[in-house]
Amino acid sequence: MRETIIRTVSGLLYTSILVASILSSELIFICLFYLLSLVCLVEMQKLLRLKSYALYILQAVLFYLFSFLKFNQDATILLLLVTIFVNLFLVKDLLVVKKIPVFEKKKYIIIIFYLISSTIFLTLIPTIEGVFIPKLVIGIFFLIWTNDTFAYLVGKNFGKHKLYEKISPNKTVEGFMGGLVFSCIMSYAIWYYSPLFPTTFSEFSSFNTPGIWLGMAIILSIFGTLGDLIQSKFKRQAGVKDSGKLMPGHGGLFDRLDSIIFASPFIYAYLYILNYVS
């Protein structure tokens, strides 16, 4: 009971800080996610048994160039393509190989593209139309939280078929489908109720259609689950249960953000293509 209370309080505090920062301003939003990414980088280096101060400098430079300055769209697309390629390669390693190879050079590639650049694309999503639209990233967080919550509840109560037992014994096919279905329902709710909050959510965004929100829900459910499984595989290889101890009852910060970080470049690509063709 005590652990449940601690987990609930810590989760509510985490959620409140995230939502408040997103609603405050674009600058505060970017600064917060730089700090969150910094903590995740510390935790990820421990998982990979790596200690490189150069990565912290590179992270700061990349955030400054892409998140703050948004200096070159062609460079952003190139970074996006490389990030998606690396992430898909990790999916291949997850499904095909018994142990993800993490030799020295690959450790740097994984951290730069799987973690740092993926987080950068999360900060770029709400400005994809050229103006800061907090609804996009708030909605995305609500979708991923809905997916995680109902995947757990449905899996716990109705799960019979393991999704990927050797990596995550508690995940089930029923849980995955439950998370997907309820995320799709939440996507409609976000679209339907967003006009009630005109000062918070931009109802004039071209992305504010039920079909586009449904697409985001599906992408987040699929790639969010894959991101969680990939991180679980890294933890198993490192022989640890959690990536850290920063969040009482939840483990490390990377444990909370692994799904949305991995899914963010795919969401950005989806919205970029829709914005381009429109």
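Residues numbered from 1 in each chain as written. Predicted model: local features only at pLDDT ≥ 70, side-chain atom pairs only at ≥ 80, totals over all residues. Heavy atoms only, no water.

Caption draft 1: A look at the nonpolar core. Counting residues in each nonpolar core, the largest one holds 77 residues, and the members touching the most others are M44, Y114, F141, M216, F234 and L257. Put simply, the parts of the chain that give this core at least two residues each are α1 (2-24), α2 (26-47), α3 (53-69), α4 (73-96), α5 (104-124), α6 (134-158), α8 (210-238) and α9 (253-277). Discounting chain neighbours no more than four positions away, the residues touching Y114 are M44, N87, L90, I109, G227, I230, Q231, F234, F254, I261 and F262. (Core = buried A, V, L, I, M, F, W, Y, C linked by side-chain atoms within 4.5 Å. Buried < 20%, exposed > 50% of the residue type's maximum accessible area, 1.4 Å probe, protein only. Helix = DSSP H or I, 4+ residues; strand = E, 2+ residues; numbered from the N terminus. Contact = heavy atoms within 4.5 Å.)

Caption draft 2: How the structure looks around the packing of aromatic side chains. Here the structure, examined in full by the defined rule, presents 23 aromatic pairs. Residues F33 and F141 carry aromatic rings whose centres are separated by 5.8 Å and whose planes lie at 40° to one another, so their mutual orientation is tilted. Taken as a pair, F33 in helix α2 and F141 in helix α6 lie far apart in primary sequence, 108 residues in all. Judged by its relative accessible area of 1%, F33 falls in the buried class. When the centroid spacing of 5.4 Å and the interplanar angle of 70° are considered together, the rings of Y34 and F63 count as edge-to-face. Of this pair, Y34 sits in helix α2 while F63 sits in helix α3, placing them 29 residues apart in sequence. Put simply, the rings of Y14, F29, F33, F132, F141, F142 and W145 pair up and form one aromatic cluster. (Phe/Tyr/Trp six-rings, centres within 6.5 Å; stacked < 30°, edge-to-face > 60°.)

Caption draft 3: Inspection of the side chain of K107 at higher detail. Structurally, K107 is set in helix α5. Of the residues examined, K107 reaches a relative accessible area of 10% and is grouped as buried. Separated by 2.8 Å, the side chain of K107 and the backbone oxygen of L48 make a polar contact. (Polar contact = N/O pair within 3.5 Å; in protein donor to acceptor, adjacent residues only side chain to side chain.)

Caption draft 4: Examining the packing of α6 against helix α7 (residues 173-193) more closely. At a minimum axis distance of 7 Å, the contact between α6 and α7 shows a crossing angle of 145°. By crossing handedness, the relation of α6 to α7 is classed as right-handed. Where α6 abuts α7, its residues K135, G139, F142, L143, T146, N147, F150, A151, V154, G155 and F158 lie against E174, G175, G178, G179, L180, F182, S183, M186, S187 and I190. Partitioned by chemical class, the residues of the contact of α6 with α7 number 10 nonpolar, nine polar and two charged. (Axes fitted to C-alpha atoms, helices over the stretch in contact; angles between N-to-C directions. Left-handed = near helix turned anticlockwise from the far one by under 90°. Nonpolar A, V, L, I, M, F, W, Y, C, P; charged D, E, K, R; others polar.)

Caption draft 5: The arrangement of the packing of α2 against α9 in detail. With their axes 10 Å apart at the nearest point, α2 and α9 run at an angle of 105° to one another. On the basis of the axis angle, α2 is roughly perpendicular to α9. Counted together, L36, V39, C40, E43, M44 and L47 of α2 and L253, F254, L257 and I261 of α9 form the full contact between these two elements. Looking at the contact of α2 with α9, its residues break down into nine nonpolar, no polar and one charged. (Parallel < 35°, antiparallel > 145°, perpendicular 65-115°, else oblique.)

Caption draft 6: Structural detail: α2. Between its terminal C-alpha atoms α2 stretches 31 Å, which fits the 32 Å expected from 22 residues at 1.5 Å a residue. If you check which residues of α2 are buried, you get F29, I30, L32, F33, L36, S37, C40, L41, E43, M44, Q45 and L47. Remark: R49 follows α2 within two positions and exhibits a positive phi of approximately 55°. (Expected span 1.5 Å × (residues − 1).)

Caption draft 7: Main features of the side chain of T127. Tracing the sequence through the fold places T127 in the loop between α5 and α6. In this structure, T127 is in contact with E26, K70 and F132, ignoring residues within four places of it in sequence.

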